[in-house]
Amino acid sequence: MSSVVAGPAAPAQAAPEQPAARADETELARELENPLSKLGSIPLQNQVDLGIGPYDRARNTLALLPTYGFALTDDVSIVSRTNVPLVSQPDATRTSGYVSGLGDVVESLFVAPDATPLPGVAWGIGPTLLLPTATESALGAGKVGLGPAAVVVTQPKPWTLGLIAAQIWSVAGAANRADVSLLDLTGLAELRFPAGWYVDTKPEITANWNAVSARNTWTVPVGGGGGKVFFAETLPLDVSLGAYWNAIRPVDGPSASVVMEIALLFPH
């Protein structure tokens, strides 16, 4: 008797669950692309840089990029973004040979007020810190660096548009290593679709102000990719793939990059 009652009841309860899951996936994709969201995430990103040096060598960087935010007061939040890279760096002057290990860690903190002068536009400012954690000299700057960072973002549905900017100057470190003066600009543009799908572009433009020549100062990538937020049982994940061509680059810099990422998401 009970089995007969339970049989028709199960489909009636299961039917509305699927649309709710799709809505959650789309909203998680929106939060994920917002650099000031308090959504916790642990992305694991693998970037392959191609065409380095006269022998077209490849560099591989596997980076752990934890991000989390929390409310400091009722009106102000703090968002932390960390980059912990594991690098396999080729000898650009030879056809073989690599140096592998931990690179320099970069930590950025953004203080973000809830109220902003422009409706629908969020912003945050704070410090960014370069830590000389590299296990090999070829994998890092050998300097402690410090500077300002800022982010601005707007999310008119179904878009996310924003910019993250940071400038780092070396303030301490090995005297025999070159000083650091590095500008990093990351543009954000994402178009979301139902069920957690999206296409985006996140070019990371850099300027090395201490480069030996103006020709070697800028790296300007052009490209994009896409991905999907989905649930593995109850665990939300994001998987994405992108490709970029460096329209402007240093003489021995990479000509292109392929970026693959999988992220664990921790909604509040």
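Our subject is the structure listed above.
Please read these numbers as outputs of a predicted model, since none were measured by experiment.

Enquirer: Looking at this structure, how should I read the overall build of the protein?
Expert: Along the backbone of the protein there are two helices and 15 strands. Counting only C-alpha atoms, the protein reaches 80 × 45 × 30 Å along its principal axes. Looking at the protein residue by residue over its 268 residues, the buried ones come to 37%. Across the protein, contacts joining residues at least 24 apart in sequence account for 57% of those joining residues at least 6 apart. Just so you have it, the protein exposes about 14,100 Å², and 66% of that area is on carbon and sulfur atoms.

Enquirer: Would you explain the pattern of salt bridges in this entry?
Expert: Pairs can form between side chains of opposite charge once their charged atoms are near each other. Tallied over the entire structure, the rule returns eight salt bridges. Here Lys-202 and Glu-33 are joined by a salt bridge, their closest N and O atoms 3.7 Å apart. Of the two residues, Lys-202 is situated in the loop between strand E11 (197-201) and strand E12 (204-208) and Glu-33 in helix H2 (residues 17-33); the sequence distance between them amounts to 169 residues. Given a relative accessible area of 5%, Glu-33 falls into the buried group. For the salt bridge of Glu-190 with Arg-192, the shortest nitrogen-to-oxygen distance reads 3.0 Å. Owing to a relative accessible area of 1%, Glu-190 belongs among the buried residues under this scheme.

Enquirer: Explain the side chain of Ser-41 to me, please; I cannot follow it from the model alone.
Expert: Positionally, Ser-41 belongs in strand E1 (residues 40-52). Contact partners of Ser-41, with chain neighbours within four places excluded, come to Leu-32, Leu-65, Pro-66, Thr-67, Leu-264, Leu-265 and Phe-266.

Enquirer: I tried to follow the nonpolar core on my own but got confused; where do I start?
Expert: The nonpolar side chains of a soluble globular protein tend to be buried, and buried together. In this structure, Leu-36, Val-79, Phe-110, Ala-112, Ala-149, Val-151, Val-153, Ile-164, Ala-166 and Leu-188 together form the largest nonpolar core, which totals 10 residues. Listing elements by their share of this core, those giving two or more residues are strand E6 (105-113), strand E8 (143-154) and strand E9 (159-173). Sort the elements by how many residues they give to this core and E8 lands first, with three residues. Leave out the neighbours within four places in its chain, and Leu-36 touches Val-79, Phe-110, Ala-112, Ala-122, Trp-123, Gly-124, Val-151 and Val-153. Core analysis: the next-biggest nonpolar cluster, separate from the first, contains seven residues, Leu-28, Ala-29, Leu-39 and Val-229 among them.

Enquirer: How should the pairing of strand E14 (residues 235-248) be read in this particular structure?
Expert: The two faces of the sheet receive side chains in turn, since in a regular strand these alternate between them. Relative to E14, strand E13 (residues 218-232) runs antiparallel, the two sharing 13 bridges. Each residue of the ladder has a partner; that of Ala-232, found in E14, is Leu-235. From the end of E13 to the start of E14, which pair antiparallel, there are two residues, and Glu-233 there has a positive phi angle of about 60°. Of the pairings in the sheet, the one linking E14 to strand E15 (residues 256-266) comprises nine bridges and is antiparallel in character. Bridge pairing links Ser-240 to Glu-261 in E15.

Criteria and cut-off values
- Residues numbered from 1 in each chain as written.
- Predicted model: local features only at pLDDT ≥ 70, side-chain atom pairs only at ≥ 80, totals over all residues.
- Heavy atoms only, no water.
- Helix = DSSP H or I, 4+ residues; strand = E, 2+ residues; numbered from the N terminus.
- Buried < 20%, exposed > 50% of the residue type's maximum accessible area, 1.4 Å probe, protein only.
- Contact = heavy atoms within 4.5 Å.
- Areas by Shrake-Rupley, 256 points an atom, 1.4 Å probe, with all protein chains shown as cover.
- Salt bridge = Lys/Arg side-chain N within 4 Å of Asp/Glu carboxyl O.
- Core = buried A, V, L, I, M, F, W, Y, C linked by side-chain atoms within 4.5 Å.
- Pairing = 2+ DSSP bridges.

Function cannot be read off these values alone, since they describe shape.
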